[in-house]
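Coordinates in review
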Amino acid sequence: MSKFLWSYLLISPAVLGATLVVSSSAMAADAQQAADAVNPAVAKAETAETSEAKLNALAAVSETTAASEPVEEISQVAGSETQAAVADLATAATESAIVGANTAPAEAEPQAASQPTSESLAAVEPTVAQPVENSAPAAQVEIPAPAATALPEQIGAVQLETPAPAVAESAEQSLPQPAESLAQTAAPQEQNPAATLEQLNEYSSEGAASGETQGQVTSVSQLSDVRPTDWAFQALQSLVERYGCIAGYPDGTFRGNRAMTRYEFAAGLNACLDKVSELIRGGTGNFATRDDLAALQRLQEEFAAELATLRGRVDALEARTSELEANQFSTTTKLTGEAIFALSDDFGGNVGLFGTDERRIGSDNNEAVFQQRVRLNLNTSFTGRDLLLTRLQVGNGGNFNLGATSEGTQTWNVVGRTDNVVALDTLLYKFPVGQRLNVTLAANNVVWDDIMPTVNPYFEDFDGGNGSLSAFGQRNPIYRLGGGAGIGFDYAFGGRGLLGGVFGPTSLSFGYLASNAASPARGAGLTNGDYTAMGQLTFTPGRNLQVAFNYNHGYFNRGNFGFDNGFGASVPGGFTGTGVANSLNGLNEGFDGFRARKVVSNSYGAQASLRLSPRFILGGWAGLTNARILGIGDARIWNYAVTLALPDLGKEGNLLGFVVGREPYLDKLEAASSLRSFRNDDSYHVEGFYKFQLSDNISVTPGVIWVTNPNQNDQNDDIIIGTLRTTFTF
């Protein structure tokens, strides 16, 4: 039984080719009769001429069908005999019907009947060899699947019901025009490889810029613009639910009225062929009917050139990939980097700022500077889900001469050394435990924004060159209390990557960092030196809102307190905030006649970001630090800010940003009267910048930072810093 079915499947193209030629004549009769009414003389001449060509065409059909080599190669002996019998019956019945129908016209015009045209003969062979390409869909006759012996009777009945003149007149229309037929047949051989690859590249990149891609749909009901009343509904339903080789657009539509190229069709056909082959190999070939396989075979033959081009391109890509893998730096490590060139100047007034030694330092002593910083990141992954980050850093970006205050510090000034010495910066290993928990092992110079989200996505760049200009504008300063080595955890309640927006999922984060974990000295080490422990609960109720609340507890040895990422005394004044706040009015650092004190701090923060629209994001934060100066008393430090981000302004990748707030300032100090004397004038930070994305790897950012009453003292003139920052990423 199976042999007979396969034999019938393989001979069906030959039978279908014969029926297409005959049935197309009947369907074109009406159109030709209308033409005859306009020009009867011409119609008679064409009728006689075409009848002879029709007989020759059918003879060619019979010979081609009988001599079909693929049928003999694939089918068994019994199948071959069945095929030959069916082909002969179909050809004989068809020839008899047409010869009888054409007798009268041939006798009326004997001269015309004896002169068949070469153009009609030239068009016959492509029609038989390429039945799908050269036969109009409207001319196909639906042949039932039952016994093959019924086919000649059905064909004969159709032809006998057709008037004799109509058959002769429509014969010419049933054959394709020579130019069109030859062009379609010769296209695979004459295809220009360069043009083919260019069209493939154009098709492959279509929709990439707008991200119009979507995964495989599992039900036709997922396509919102496809209805059961559509004429192609059953075909789509079959392709989606039986073969799984149809994908929609991200908005859930199929866009069935959209025009497609032959290359697009070839790509879709290739996907369906791969699926059918997979079903056959898996022993589930009964999912595809015989008619399906026959149609796929014909389509595969028609688009052989396009499919060959696609396979050739894949082979070329595989060869290039193999070459790259053989010559790459590492199979597990990728190198990325960033270089910042910054031209800056301070345009402040003449009145100076008090330094730690009570010297007045003139703000107008600052000259224009050109500074740089380079970061090289070695990103290593062993499983595809983990990350070993090794960052090397070098730069010369020192702060302006602004005395004890760190207000206005810019991101490239956040560097351990400023003498162009390459040093190891961040070293950490992040890996998942299950689907929701990320664990961070911190080995060197890790800060809290490496472990938990800071809820300021457009300004936060980890002290890089693509966010805000200032260190203060990136995040709540309490994230800068502590840093070093330790461990961190980040647990996502809703799973990761579900929202698809700029914000991460709802999560709980906590960790422990020690500033001198590598030192075995007394009062240092992992647990007996400076340390901070921090926890944060982040809420993401939707794609456009994120809120976080955090708590930071720290212990700092003498001279080490400050918003300085755990650098301690090596970075006097920290990276943000007034000098009075970072030194606790000098009580943590000490001064003549007073020994420095240790500090225990408890800090509380709240931050939020609201995306009112894709191009309008409002954010902000507030932070409170209660610091206990051991043996002296308590101090209170506040900070807050409001941010506004306008991404993609003027061009995709651009960013217009504003920051208004107060950097950390000392608000209250409970100590002896001789120790608590300090000024608390309002000191505001106002920042504006515009990042212009020149290319994918280069951006230029002009901006201004304005600090009023520096060091919370209105006797000091304002700080006004103008900057032109250029960032190169690679």
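Residues numbered from 1 in each chain as written. Predicted model: local features only at pLDDT ≥ 70, side-chain atom pairs only at ≥ 80, totals over all residues. Heavy atoms only, no water.

On to the overall build of the chain, then. For the chain, the helix and strand inventory stands at 18 helices and 18 strands. Across the chain, contacts joining residues at least 24 apart in sequence account for 69% of those joining residues at least 6 apart. When the accessible surface of the chain is split by element, carbon and sulfur atoms take 57% of a total near 35100 Å². (Helix = DSSP H or I, 4+ residues; strand = E, 2+ residues; numbered from the N terminus. Contact = heavy atoms within 4.5 Å. Areas by Shrake-Rupley, 256 points an atom, 1.4 Å probe, with all protein chains shown as cover.)

Glancing now at the packing of helix H16 (residues 290–302) against helix H17 (residues 304–327). In contact at an axis separation of 5 Å, H16 and H17 are set at 75 degrees when each is read in the N-to-C sense. Here H16 is positioned roughly perpendicular relative to H17, judged by the angle of their axes. Note on element contacts: H17 touches H16 through Ala 304, Glu 306, Leu 307 and Arg 311, opposite Gln 300, Glu 301 and Glu 302. Split by residue class, the contact of H16 with H17 holds two nonpolar, one polar and four charged. (Axes fitted to C-alpha atoms, helices over the stretch in contact; angles between N-to-C directions. Parallel < 35°, antiparallel > 145°, perpendicular 65-115°, else oblique. Nonpolar A, V, L, I, M, F, W, Y, C, P; charged D, E, K, R; others polar.)

This part is about the pairing of strand S14 (residues 633–647). Note: strand S13 (residues 616–629) against S14, 13 bridges, orientation antiparallel. Among the inter-strand pairings, Leu 624 is bridged to a residue of S14, identified as Trp 638. In textbook terms, the turn of a hairpin is the stretch between consecutive antiparallel strands, and for S13 and S14 this stretch comprises three residues, one of which, Gly 631, has a positive phi near 85 degrees. The pairing of S14 with strand S15 (residues 655–669) spans twelve bridges and is antiparallel. (Pairing = 2+ DSSP bridges.)

The next subject is helix H14 (residues 233–243). Within H14, burial applies to Phe 233, Leu 236, Ser 238, Val 240 and Tyr 243. Elements in contact with the buried residues of H14: helix H15 (262–281) and H16. Remark: Gly 244 follows H14 within two positions and exhibits a positive phi of approximately 60 degrees. (Buried < 20%, exposed > 50% of the residue type's maximum accessible area, 1.4 Å probe, protein only.)

In terms of nonpolar packing, the biggest core is built from 29 residues, with Trp 448, Phe 561, Leu 584, Ile 637, Leu 666 and Leu 669 touching the most fellow members. Of all the elements in the fold, those that place two or more residues in this core are strand S7 (437–446), helix H18 (579–583), S13, S14 and S15. Phe 400, Trp 621, Ala 641 and Ala 645 belong to the second largest nonpolar core, which has 17 residues in total. (Core = buried A, V, L, I, M, F, W, Y, C linked by side-chain atoms within 4.5 Å.)

The next point concerns H17. With 24 residues, H17 extends 35 Å between its outermost C-alpha atoms, agreeing within 8% with the 34 Å of an ideal straight helix rising 1.5 Å per residue. Among the residues making up H17, those that are buried are Glu 306, Leu 307, Thr 309 and Leu 310. (Expected span 1.5 Å × (residues − 1).)

Take the side chain of Gln 693 next. Mapping Gln 693 onto the fold places it in strand S16 (residues 685–693). A distance of 2.7 Å separates a polar side-chain atom of Gln 693 from the backbone oxygen of Ser 695. Ignoring sequence-local partners within four residues, the contact set of Gln 693 consists of Lys 651, Glu 652, Gly 653, Asn 654, Ile 698 and Ser 699. (Polar contact = N/O pair within 3.5 Å; in protein donor to acceptor, adjacent residues only side chain to side chain.)

A cluster of nonpolar side chains, Tyr 491, Phe 493, Leu 508, Phe 510, Leu 537, Phe 539 and Phe 549, forms an exposed patch at the surface whose accessible area comes to about 600 Å². The set of elements that each furnish at least two residues to the nonpolar patch consists of strand S9 (507–514) and strand S10 (531–542). On the secondary structure map, Phe 539 appears in strand S10. By relative accessible area, Phe 539 is classed as partly exposed at 38%. (Patch = residues over 30% accessible without salt bridge, like charges linked within 9 Å, V, L, I, M, F, W, Y side chains within 5 Å. Salt bridge = Lys/Arg side-chain N within 4 Å of Asp/Glu carboxyl O.)

Applying the stated criterion to the full structure yields 16 aromatic pairs. Here the aromatic rings of Tyr 551 and Tyr 604 are separated by 5.4 Å at their centres, their planes lie at 40 degrees, and the arrangement is tilted. On the criterion of sequence distance, the pair formed by Tyr 551 in strand S11 (residues 545–556) and Tyr 604 in strand S12 (residues 599–613) is long-range, its members being 53 residues apart. Using a relative accessible area of 33% as the deciding quantity, one classes Tyr 551 as partly exposed. Their ring planes at 20 degrees and their centres at 5.2 Å tell us that Phe 591 and Phe 594 sit as a pair that is stacked. Ring pairing ties together the aromatic residues Phe 341, Phe 370 and Phe 728, which thus form one cluster. A cation sits over an aromatic face here: Arg 662 above Tyr 665, 3.6 Å from the ring centre. The ring of Tyr 684 has Arg 662 lying over it, and the distance from NZ or CZ to the ring centre is 5.7 Å. (Phe/Tyr/Trp six-rings, centres within 6.5 Å; stacked < 30°, edge-to-face > 60°. Lys NZ or Arg CZ within 6 Å of the ring centre and 35° of its normal.)

Evaluation of the coordinates by the stated rule reveals 14 salt bridges. Salt-bridge contacts for Asp 667 lead to Arg 636; the nearest nitrogen and oxygen are separated by 2.7 Å. With Asp 667 in strand S15 and Arg 636 in strand S14, this pair connects stretches of sequence that are 31 residues apart. Owing to a relative accessible area of 29%, Arg 636 belongs among the partly exposed residues under this scheme. Counted as one network, the salt bridges with shared partners bring together Asp 449, Glu 460, Asp 463, Arg 475 and Arg 480.

So, about unusual backbone geometry. Of note, Asn 420 is a non-glycine position whose phi angle comes to about 55 degrees, a positive value. Positive phi values are uncommon outside glycine, yet Asn 709 reaches one of about 45 degrees. Topologically, Asn 709 is positioned in the loop between strand S17 (698–707) and strand S18 (719–729).

Let's shift gears to the packing of H15 against H17. Helix-helix packing is described using two parameters, namely the angle between the two axes and the distance between the axes. Where H15 meets H17, the closest approach of the two axes is 9 Å, and the angle between their N-to-C directions is 75 degrees. When the interaxial angle is binned, H15 and H17 end up roughly perpendicular. On the side of H15, the interface is formed by Arg 262, Tyr 263, Ala 266, Ala 267, Asn 270 and Leu 273, while H17 contributes Glu 306, Leu 307, Leu 310 and Arg 311. Residues belonging to the contact of H15 with H17 are distributed by class as follows: six nonpolar, one polar and three charged.

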